[in-house]
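# Chains, contacts and geometry: an overview
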Amino acid sequence: MNKKFLLVALVAVANLAVAEQKVIKLEESVITSENSSATIADIPKNITVLTAEEIEQRGAKTVAEALKLVSSVTVKEMGGADAAFDMRGQGATAKSNVVVLVDGAPINSIDLSGYKTSSIPVDNIERIEVIPSGGSVLYGDGAIGGTINIVTKQPKNKKNYGSLNSEIGSYGLKKQQAIYGTKINDKLSLELDYLKKEKDGYRDYAKDDLESFGLRSRYKLSEGEFGFRYNYSNTEFRAPGSLTREEVDGDRTQSNPKAWRVDGKTEKNDFVGDYVYNIDSDLEFKLLGTYTHERYSSNGSNYKTEIKYLKPQLKYSYLDESYVVVGGDIYKGHTTDFAYGNGKAEKDSLGGFLINSYTIDKFRFTQGYRRQNIEYNGIDKKKNPYNKKFKEDAVELTGSYLYSDSGSTYVSYTTGFRAPNTDEIRAWDGEYKPQRTETYEIGIKDYIGNTYVSTSVFYIETENEIFYGKNDLTEEKSNRNLDGMSKRKGIEFSLEHYFDKLTISESLTYMETEFKDGKDIPGVPNIKGVLNLNYKFNDKLTLNNSWEYYGKMYANGDEENLGSKVDNYILSGVSFSYDFKDGLIVSAGVNNLFNEKYYDYVGYSSGKLSYYPAAERNYYLGVKYSF
């Protein structure tokens, strides 16, 4: 009798735990989709959310390291440049085909530098929202691959709090961070942080030093709130350049002084303000504004970039769970290149969008439309002035069916566009045309027992794809539009199992691409898989073990698929954290546990491969005290 009672009790407890996880997972708030709070269950996309707890448990030290543990994202790193995030096979132009946001504000630049995330302290991140093929209506130009929204932590409603964080690790890693926050009065909260990080690279001549200061504040109003964020960062870096196969076999940590090496510095100031006003119970007004000033110098390059961005929107709830969002955005970007006769490039953009979401019974239908005018001014590589204007639009049509309390299925059709960036225009061949995509997607989300399931199948057609390659007539490389249609199709599949002390998550992305004359898109693995195991021994000690699998691919730049494919590889990492429950947490970890010899980047040019070796097994130890 007692055994039967115990069995029933265990089953009941397990079911309660699963039910709690269902609520946590499906009701988790996400703001990327419509610049307004929604839940994972509501969004008709295969969304992935990395929480601050998951980022910490997996030992990620940068945004790039965190996103490596998302199967729908391929992180591309090449010495000296910030990582690029590829979603759904964008290849070499991933930095221009994915929009990266911080608290809903795009941080993409107007040129090939794209976005820079290395200066964002991971300890300041609340969560990261990843939506493949999502955001073309809301964010416009460049969102054809998808959006990644980095949501930072807000000041706490607490009089005095803060933390001190220190880490050491392989390759000379030293990191110190201090955070202090206070509630000044019932309306105003303020938080400050300072970070200093020094790191020698895995290879000779490599360095990555960062110093940053941040300020965040929230001011509560009777019918809304106002927020302000400022961040200053100063990055000094060196990168050793590529190696030949023979040099890799001799010493993969060496730097070839004859190869192109990077020695640079970036200084950046970011100002962000947001305002929310609840006009009444059904009508909400939002305003988001940003200003970015950046100075960059490297190997003779010396330029300044300024970007201003303003986004107002209104949301009106006209029926229960039905609403319409009307908004627009103004973007002004300006770059001065001091190294080449004060050459200037400008990008101005004006866009408007409308999103309607209508719910009837268990069905939800969403329609969205954007119109965007884009204008470029500058001087091309032949020192000729140019002025180019584009008028583009994007459409989103989705339908979802909530067939149970925990399950939903959806279909989605979206169109998007991407205009050339200023660097591409300077070295362009032929007529400028924006790249346009059509994406078809079906998916399902549900709980089966103690397992959360999310899967989607997608098909993408791209017209006038922008790429850098040889002209068929002159053999000269330049930026241009690809003739014909390129295609991408695949499946994204993820599972998350909840047990008493163990959580196991698996995700897999399989993709086939068709590029120039039916060739594979270079730099895109056909498979990426992620396995993560998190075990809580008790309320103090946690173990995390992650695995990443990358399938074969053609080297970057091998648009004709002439070279051999880059080999597949597997990476694993393990991390521990011990919470003393008095504010002190000690963590330690090992990356590349089995010492895999792989590469951050493999390039192809004139029949030869060039390699950027990635780090071998490395370690870290951290101590954090919070009060």
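Just so we're clear, the structure is a prediction, and the values are computed from it rather than from any experiment. (Residues numbered from 1 in each chain as written. Predicted model: local features only at pLDDT ≥ 70, side-chain atom pairs only at ≥ 80, totals over all residues. Heavy atoms only, no water.)

A count of helices and strands for the chain gives 7 helices and 35 strands. A compact globule built from 627 residues would reach a C-alpha radius of gyration of about 25 Å, and the chain, at 24 Å, matches this within 12%. Within the chain, the fraction of its 627 residues that count as buried is 53%. Nonlocal contacts in the chain, meaning residues at least 24 apart in sequence, comprise 60% of its contacts between residues at least 6 apart. (Helix = DSSP H or I, 4+ residues; strand = E, 2+ residues; numbered from the N terminus. Rg over C-alpha atoms; globule rule 2.2 N^0.38 Å. Buried < 20%, exposed > 50% of the residue type's maximum accessible area, 1.4 Å probe, protein only. Contact = heavy atoms within 4.5 Å.)

Any two side chains of opposite charge can pair, given that their charged atoms come close. Tallying each qualifying case throughout the model produces 37 salt bridges. A salt bridge links Glu-492 to Arg-88; its shortest N-O distance comes to 2.8 Å. Residue Glu-492 is located in strand E27 (residues 485-498), and its partner Arg-88 is located in the loop between strand E5 (84-86) and helix H4 (94-97); the two are separated by 404 residues in the primary sequence. Neither Glu-492 nor Arg-88 differs from the other in exposure class; each is buried. A salt bridge links Arg-229 to Asp-103; its shortest N-O distance comes to 3.3 Å. (Salt bridge = Lys/Arg side-chain N within 4 Å of Asp/Glu carboxyl O.)

Note that Asn-591 resides in strand E32 (residues 584-591). Classification of Asn-591 as partly exposed rests on a relative accessible area of 26%. As for Asn-591 and Asp-361, which are separated by 230 residues in sequence, their C-alpha atoms are 49 Å apart.

What follows covers the pairing of strand E31 (residues 569-579). Two strands pair when backbone bridges link them, and strand E30 (residues 541-550) and E31 are joined in this way by 10 bridges, in the antiparallel orientation. Residue pairing for E31: Trp-547 is matched across the bridge by Ser-572. Summarising the sheet, E31 and E32 pair through 6 bridges and their orientation is antiparallel. If you follow Val-574 over to E32, its bridge partner there is Val-590. Hairpin connection from E31 to E32: 4 residues lie between these consecutive antiparallel strands, with Lys-581 at a positive phi of about 65°. (Pairing = 2+ DSSP bridges.)

Take the environment of Asn-421 next. Along the polypeptide, Asn-421 turns up in the loop between strand E22 (408-418) and helix H7 (422-426). With relative accessibility at 6%, the residue Asn-421 sits in the buried group. Between the alpha carbons of Asn-421 and Glu-548 there is a distance of 32 Å; along the sequence they are 127 residues apart. For Asn-421, the contacting residues outside a window of four places in its chain are Ser-96, Ile-110, Asp-111, Leu-112 and Tyr-376. There is a polar contact of 2.9 Å between the side chain of Asn-421 and the backbone nitrogen of Glu-424. (Polar contact = N/O pair within 3.5 Å; in protein donor to acceptor, adjacent residues only side chain to side chain.)

Further remarks concern unusual backbone geometry. Both trends apply: most residues other than glycine have a negative phi, and most peptide bonds are in trans. The backbone of Asn-464 sits at a positive phi, close to 60°, despite the residue not being glycine. Looking at where Asn-464 falls in the secondary structure, it is placed in the loop between strand E24 (451-463) and strand E25 (466-470). You will see that Asn-592, though not glycine, has its phi angle at about 50°, which is positive. Accessibility expressed as a relative area gives 7% for Asn-592, which makes it buried.

What follows deals with empty space enclosed by the protein. Applying the stated rule across the entire model yields 10 cavities of 30 Å³ or more. Approximately 430 Å³ is the volume attributed to the largest cavity. Taken together, 31 residues form the lining of the largest cavity, with Val-102, Ile-107, Arg-229, Lys-268 and Asp-270 sitting closest to its centre. Secondary-structure elements contributing two or more residues to the lining of the largest cavity are strand E7 (105-106), strand E13 (207-221), strand E14 (224-239), strand E15 (262-278), strand E16 (283-298) and strand E17 (301-319). For the lining of the largest cavity, the class distribution of residues is 12 nonpolar, 12 polar and 7 charged. (1 Å grid on protein atoms, 1.4 Å probe; cavity = no way out; pocket = protein on both sides within 12 Å on 5 of 7 lines; lining within 4 Å. Points joined across faces, edges and corners; volume = space filled by probe spheres on them. Nonpolar A, V, L, I, M, F, W, Y, C, P; charged D, E, K, R; others polar.)

With that out of the way, let us pick up the sheet that holds strand E3 (residues 48-51). Read from one edge to the other, the open sheet built from 5 strands follows the order E3-E8-E9-E6-E7, with strand pairing classed as mixed. Every interior strand has two partners, whereas the edge strands, E3 and E7, have only one. By the bridge criterion, 5 bridges tie strand E6 (residues 98-102) to strand E9 (residues 146-152) in an arrangement that is parallel. Its bridge partner being in E9, Val-99 is matched across the sheet by Thr-147.

Right, let's talk about the nonpolar core for a bit. Residues Leu-67, Phe-85, Ile-128 and Ile-148 are the most contacted members of the largest nonpolar core, which totals 25 residues. Those elements that place two or more of their residues in this core are helix H3 (63-67), E5, E6, strand E8 (125-132) and E9. With 4 residues, H3 is the largest single contributor of residues to this core. If near-sequence neighbours (up to four positions away) are discounted, Ile-148 is found in contact with Leu-67, Phe-85, Met-87, Val-98, Val-99, Val-100, Leu-101, Ile-128, Glu-129 and Val-130. (Core = buried A, V, L, I, M, F, W, Y, C linked by side-chain atoms within 4.5 Å.)

Counted by the stated rule, this structure contains 25 aromatic pairs. Relative to Tyr-296, the ring of Phe-237 lies with its centre 6.1 Å away and its plane at 25°, an arrangement referred to as stacked. Separated by 59 residues along the polypeptide, Phe-237 in strand E14 and Tyr-296 in strand E16 bring together distant segments of the chain. You can call Tyr-296 buried: its relative accessible area is 16%. Note on Phe-467 and Phe-515: the rings are 5.4 Å apart at their centroids and 85° apart in plane angle, and the pair reads as edge-to-face. Pair noted here: Phe-467 is in strand E25 and Phe-515 is in the loop between strand E28 (502-514) and strand E29 (527-536), with a separation of 48 residues, a long-range link. Overall, the relative accessible area of 7% leaves Phe-515 in the buried class. Taken together, the ring pairs in this structure connect Phe-363, Phe-365, Tyr-401 and Tyr-403 into an aromatic cluster. (Phe/Tyr/Trp six-rings, centres within 6.5 Å; stacked < 30°, edge-to-face > 60°.)

The space that makes up the second largest pocket amounts to roughly 1,100 Å³. Lining the second largest pocket are 47 residues, and of these Glu-56, Lys-153, Ile-585, Lys-624 and Ser-626 lie nearest its centre. Broken down by secondary-structure element, the contributors of at least two residues to the lining of the second largest pocket are helix H2 (52-57), E8, strand E10 (160-169), strand E11 (173-183), E31, E32 and strand E35 (618-626). In the lining of the second largest pocket, the residues fall into 12 nonpolar, 16 polar and 19 charged.

Bringing the side chain of Asn-481 into the picture now. By the element assignment, Asn-481 lies in strand E26 (residues 477-481). In this structure Asn-481 comes out as buried when scored by relative accessible area, which is 11%. A polar atom in the side chain of Asn-481 sits 2.9 Å from the backbone oxygen of Lys-433. Discounting chain neighbours no more than four positions away, the residues touching Asn-481 are Trp-428, Glu-431, Tyr-432, Lys-433, Asn-464, Glu-465, Ile-466 and Phe-467.

For the chain, mean pLDDT is 89; residues scoring 70 or higher make up 91% of the total. Predicted confidence is poor over residues 1-24, with pLDDT under 50, and the contacts of this stretch with residues over four places away or in other chains come to 9 contacts. (pLDDT = per-residue confidence, 0-100.)

On to the environment of Ile-444. With respect to the helices and strands, the residue Ile-444 is situated in strand E23 (residues 435-448). What makes Ile-444 partly exposed here is its relative accessible area of 32%. Put simply, Ile-444 and Val-411 are 33 residues apart on the chain and 9.1 Å apart in space, counted from C-alpha to C-alpha.

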